[in-house]
There are 4 protein chains.
Amino acid sequence: MWKQRTDLAVEAKELWQQSVSEQTKLEGVQARSGSREGFEVDTVQVLDRRGEQALDKPVGTYITITLDGLKQREEDAFGRAARAIAQELKGLLGDLPAQAPVLVAGLGNRAITPDAIGPLVHEYTMVTRHLVEQVPEHFGTFRPVASLSAGVLGTTGVESGSLIRAVCDEIKPACVIAVDALASRSLHRVCRTVQLADTGIVPGSGVGNHRKALNKETLGIPVIAVGVPTVVDGATLAMDLLGQEELPKLAQGVENLMVTPRDIDAQVADLSKVIGFGIDLALHDGLSVEDVELFLS
Amino acid sequence: MWKQRTDLAVEAKELWQQSVSEQTKLEGVQARSGSREGFEVDTVQVLDRRGEQALDKPVGTYITITLDGLKQREEDAFGRAARAIAQELKGLLGDLPAQAPVLVAGLGNRAITPDAIGPLVHEYTMVTRHLVEQVPEHFGTFRPVASLSAGVLGTTGVESGSLIRAVCDEIKPACVIAVDALASRSLHRVCRTVQLADTGIVPGSGVGNHRKALNKETLGIPVIAVGVPTVVDGATLAMDLLGQEELPKLAQGVENLMVTPRDIDAQVADLSKVIGFGIDLALHDGLSVEDVELFLS
Amino acid sequence: MWKQRTDLAVEAKELWQQSVSEQTKLEGVQARSGSREGFEVDTVQVLDRRGEQALDKPVGTYITITLDGLKQREEDAFGRAARAIAQELKGLLGDLPAQAPVLVAGLGNRAITPDAIGPLVHEYTMVTRHLVEQVPEHFGTFRPVASLSAGVLGTTGVESGSLIRAVCDEIKPACVIAVDALASRSLHRVCRTVQLADTGIVPGSGVGNHRKALNKETLGIPVIAVGVPTVVDGATLAMDLLGQEELPKLAQGVENLMVTPRDIDAQVADLSKVIGFGIDLALHDGLSVEDVELFLS
Amino acid sequence: MWKQRTDLAVEAKELWQQSVSEQTKLEGVQARSGSREGFEVDTVQVLDRRGEQALDKPVGTYITITLDGLKQREEDAFGRAARAIAQELKGLLGDLPAQAPVLVAGLGNRAITPDAIGPLVHEYTMVTRHLVEQVPEHFGTFRPVASLSAGVLGTTGVESGSLIRAVCDEIKPACVIAVDALASRSLHRVCRTVQLADTGIVPGSGVGNHRKALNKETLGIPVIAVGVPTVVDGATLAMDLLGQEELPKLAQGVENLMVTPRDIDAQVADLSKVIGFGIDLALHDGLSVEDVELFLS
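Residues numbered from 1 in each chain as written. Chains lettered and ligands numbered in written order. Predicted model: local features only at pLDDT ≥ 70, side-chain atom pairs only at ≥ 80, totals over all residues. Heavy atoms only, no water.

**With respect to the packing of aromatic side chains**
Reasoning step 1: This structure, assessed with the given rule, holds 16 aromatic pairs over all chains.
Reasoning step 2: Consider the rings of A:F78 and A:F277, whose centres lie 5.1 Å apart with planes at 75°: the pair is edge-to-face. Pair noted here: A:F78 is in helix 4 (residues 77-93) and A:F277 is in helix 13 (residues 264-283), with a separation of 199 residues, a long-range link.
Reasoning step 3: The side chain of B:K273 reaches across the aromatic face of B:F78, ending 5.3 Å from its centre. (Phe/Tyr/Trp six-rings, centres within 6.5 Å; stacked < 30°, edge-to-face > 60°. Helix = DSSP H or I, 4+ residues; strand = E, 2+ residues; numbered from the N terminus. Lys NZ or Arg CZ within 6 Å of the ring centre and 35° of its normal.)

This is how it looks when you write it as structure tokens:
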């Protein structure tokens, strides 16, 4: 997350709308809003090259779920949020057969609180690959799921992308779900939204190093990205507050800062759990939140 | 830390200097700059009522140590910083006899990274009170030191101040050293400075509840505060960037935000260790950094 | 726990039964077996001086709950176990009024896995004392509960007993519930039982230092002990296997060893949670397991 | 570690010596004792098929370092132990060129204290592979080292061996160093010794699944095993105490037990650090313990 300025697609659309007159319809882009289990769901589809140019995002589907109730600890907010994430994720998985193996990869650095989403989701993933093989009489109907906390370059010396590709070569999943923390442009979106996209990820950097990208093109299988904005760049915040022309005089002070909610530790823990459960419900048909709880206990 | 806007005294002085014309000499205030072990040390003394009014801080000595080298991992930066803190702390301890018992109290919430300074310093404190009593043949020459991680109201149901007072009633220390994380006004001071003051603390709140203050008046013994600014309030930052009149329109979004360094987890860990060692060196004469390392291992 | 050979009362009775011929009725002792929520419950009451001599335990009630289903992850095993603990605990609380304040004290060392029961139960305690006072409109009907992880002498320099007594002096609870890990004599009881007793505790040592005992006599209020055997002493195990006469030749090798289940980390985590929930249900009438879960989240 | 009864080679030799009359010279085995930095070092070389049959261990070199001073916290015990490990490790690395890349793989389960040696050593490994590539002006002279905490089957769904092989395929190291906790037969060896061997490892099982073995034959590169005995099986202990014929009547009770030192948490932490530093010193010529400390801080 930390070298990267991964804007959310919803934000990209907002930026575009600011730059042209607001009511213009974007060519090559389709957007709709709806709700799942009481949470707002915004879907942006980049349909073609015109859409790619308009939003600077590759062709694909980008879904943003806004998890407001989660924070207020409403009755069953956790269960509803997990199911909402599961349902949207299932949409992106499309016609993936129920027995097709999946790899869930948690990206990011566990030792840095706002970057720990990926490693924590890994802990909430129902890992079944070995059970399906070793105890088929009990787990034969489960999807084989493997999971990996891909670490960070500084602690492994191996790029997350290389690690994931190596594991894919070894275990041959039919699909990868990659979870990462994101930097957001908007104070209001931080720790409140989950974004799903079927376009893959570029771990650790957006600087056009195509070798590192993990997507259908490079891995030969679909890669679904699950992202959670947990910080705003200090520089981005300053720019938003001040306008671009004021930035240079501040830039030195703020470039190494980040803006997070005061209770970031608790929010990262909560979001990781709900996303982990959402992934489990999406990958294993017919389970309830209680089933997942029991499996993981 | 979290309900509180504990400005550092150095900042108070800067604010005052901004509001009057800059070259005015403050009545009732003495300030000097110097260095210890290569680190800058600023000392502000509030001498009397005029000083109290000028800076809105009680009479006492406020020392700020700027720990720049620490971040750059210069040769022996850790040892020099611990010794610098120890020497300044000894100055505040004054003529406290070498055998006088001391209580080191770590305030704050370990589960919230930027608030974990106090609990982590507690872990680096050389606790000797029981050893002096039980193994006098080996530890008879040590100062009896007890230490406490005073927790937070939400996890104990007991105010930190009440807990510390209760323990003081039981074990009768001659002095309390209270360590806490602070909110700073300045981006440039966050995680770069340690402030020492001999004026005690008001844990959890600055709202004038004198019953909660821990100082010579309420406890009957000196209370030395060790504070580390680890965050800037979102609201304060916005105000600094925009000016006061612009704040209201932003206030809702930013009041629950904080601004921290990107590597806050590592910085909080480093600062806690150096402060813990500084306290140990100040309380136990004649020890080296290596001795403390060995004792704590 | 570590200096102490706190045998469980059930074990004391078994030892007695081994030493006299088995069918003898113990004078001054009453024992009965029953079940709660599907778990076996054994209650031993030491009625008078004859019972004290027979079992070498003070007058009082000793309850042992055997938590077999918990390990097998049976349906709702967690809920049933928490309710069983709550019901037995309520029996020991007797006619304590619903609004009488209680202090829950977790003893032991969090950094040593089998000794971490007390500190972990502290984390699962619903702390309400400050809420009852500060937000009476929402929490006015709750019992004021404070909680403390009393640490260990080596990390605080203050005996757990002194710390608890100091806090009792400050906040004046009507009852203390003290939770600690125990050493057991029996391989079969380790991590499978919870013992409740209304006779107080002697933290850290059983060597007759009455000043340190926490009970109705020393604190003036009832002290309920909640204990969980998590280890067997190496020495005890060897003695059980070999007989007393064989011990001396082995004693050097085994005195610093302990015997625990292979999955001690997971079992300590599970037991701490179920005991914490049991205490919460006992102290706050009318709550469900789900309510506690929501409060703690 | 947990499914496996990986006896140490030194133990294998002892067992053999017990079963034949003691003074017999083993054919095909060479053993010698010496010392490094004040620690005892025993080296057993299995030279050929006769030696393999005698000790039931493959041809190779098995080194056991006994770390007694480490526990007593003698002056510089840590530094001496790290250097002793480094020197023996260098012997096993043989003529590996200074720039040849190495993968350090930590096996075992971090959530189970006595099995956490591997994951903790991973944290003390100086990872340089990315730095050598990205910042050659500073790190060009370092050996490229990557490191991996290979997790456990239950948390990843992928066998440790498969994971390591996959990463080897991707990053092509010239040698693997694999670190794991072991079960020992001897109470006296637990947490006191480190064993090095150049014969590779069979992670997770000894049951003859040759596909899973990691060694020169399967990976095409040397695999050095670093093992630390941290537990004694309950069953093994009972057998040692009682003799084999007594075991069956006890077996049910003890098969899920383990015997460890009382301070296993602290000992595992200490051993992991000293092994990590030993590996770092072996892999990067000319560094001191202080250099490693600084790099890792």
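Now that the structure has been shown, the text picks up again.
**Structural notes on the packing of helix 4 (residues 77-93) of chain D against helix 13 (residues 264-283) of chain D**
Residue and element names in this part refer to chain D.
Reasoning step 1: Contact pair helix 4 / helix 13: the axes reach a minimum separation of 7 Å and the direction vectors enclose 50°. In terms of orientation, helix 4 and helix 13 fall into the oblique class. By crossing handedness, the relation of helix 4 to helix 13 is classed as right-handed. For the pair helix 4 and helix 13, the contacting residues are F78, A81, A82, R83, I85, A86, L89, K90 and L93 in the first and K273, V274, I275, F277, G278, I279, L281, A282 and L283 in the second.
Reasoning step 2: The residue makeup of the contact of helix 4 with helix 13, split by class, is 14 nonpolar, one polar and three charged. (Axes fitted to C-alpha atoms, helices over the stretch in contact; angles between N-to-C directions. Parallel < 35°, antiparallel > 145°, perpendicular 65-115°, else oblique. Left-handed = near helix turned anticlockwise from the far one by under 90°. Contact = heavy atoms within 4.5 Å. Nonpolar A, V, L, I, M, F, W, Y, C, P; charged D, E, K, R; others polar.)

**Thoughts on the pattern of salt bridges**
Residues and elements named next belong to chain A.
Reasoning step 1: Applying the stated rule across the entire model yields 40 salt bridges over all chains.
Reasoning step 2: Taking the shortest distance from any N to any O, the salt bridge between E123 and R110 comes out at 2.1 Å. Of the two residues, E123 is situated in helix 5 (residues 117-123) and R110 in the loop between strand 4 (102-106) and helix 5; the sequence distance between them amounts to 13 residues.
Reasoning step 3: Across the pair E293 and K273 runs a salt bridge, and its minimum N-O distance is 3.7 Å. Taken together, the residues span a long stretch of sequence, with E293 in helix 14 (residues 289-296) and K273 in helix 13 at a distance of 20 residues.
Reasoning step 4: Using a relative accessible area of 24% as the deciding quantity, one classes K273 as partly exposed. (Salt bridge = Lys/Arg side-chain N within 4 Å of Asp/Glu carboxyl O. Buried < 20%, exposed > 50% of the residue type's maximum accessible area, 1.4 Å probe, protein only.)

**Brief notes about the state of the cysteines**
Reasoning step 1: Enumeration over the complete set of coordinates arrives at zero disulfides over all chains.
Reasoning step 2: Here A:C168 stays free of any disulfide, with the sulfur of A:C175 as its closest cysteine sulfur at 9.5 Å.
Reasoning step 3: When its relative accessible area of 7% is taken as the criterion, A:C168 is described as buried.
Reasoning step 4: Not engaged in a disulfide, the cysteine B:C191 finds its nearest cysteine sulfur in A:C191; these two sulfurs lie 19 Å apart.
Reasoning step 5: According to the relative accessible area criterion, B:C191 is buried, its value standing at 4%. (Disulfide = S-S within 2.5 Å.)

**Here's the deal with the environment of C:L153**
Reasoning step 1: Residue position: C:L153 is located in helix 8 (residues 153-156).
Reasoning step 2: Accessibility expressed as a relative area gives 22% for C:L153, which makes it partly exposed.
Reasoning step 3: The contacts of C:L153, once residues within four sequence positions are left out, are B:V127, B:H130, B:Q134, C:V158 and C:E159.

**A look at the confidence of the model for chain A**
Residues and elements named next belong to chain A.
Reasoning step 1: Residue-level pLDDT values for chain A average 83, and 80% of them are 70 or greater.
Reasoning step 2: Across residues 205-211 the pLDDT falls below 50, and counting only partners more than four positions away or on other chains, this stretch makes five contacts in the model.
Reasoning step 3: Scoring of the predicted complex yields 0.83 for pTM and 0.81 for ipTM. (pLDDT = per-residue confidence, 0-100.)

**Quick look at the side chain of B:T260**
Reasoning step 1: Looking at the secondary structure, you find B:T260 in strand 9 (residues 257-261).
Reasoning step 2: Judged by its relative accessible area of 2%, B:T260 is buried.
Reasoning step 3: The residues contacting B:T260, other than those within four sequence positions of it, are A:N256, A:L257, A:M258, B:T230 and B:V231.

**A short note on the pairing of strand 4 (residues 102-106) of chain C**
Moving residue by residue along a regular strand, the side chains alternate between the two faces of the sheet.
All names here are of chain C.
Reasoning step 1: Strand 4 sits mainly inside the fold: five of its five residues count as buried.
Reasoning step 2: Burial along strand 4 is two-sided: V102, V104 and G106 facing one way and L103 and A105 facing the other are all buried.
Reasoning step 3: Strand direction decides the pairing type here: strand 4 and strand 5 (residues 145-149), joined by five bridges, are parallel. In the strand pairing of strand 5, V104 is matched with S147.
Reasoning step 4: As defined by bridge partners, strand 4 adjoins strand 6 (residues 175-184) across five bridges and the pair is classed as parallel. When the sheet's bridge partners are listed, V104 is paired in strand 6 with I177. (Pairing = 2+ DSSP bridges.)

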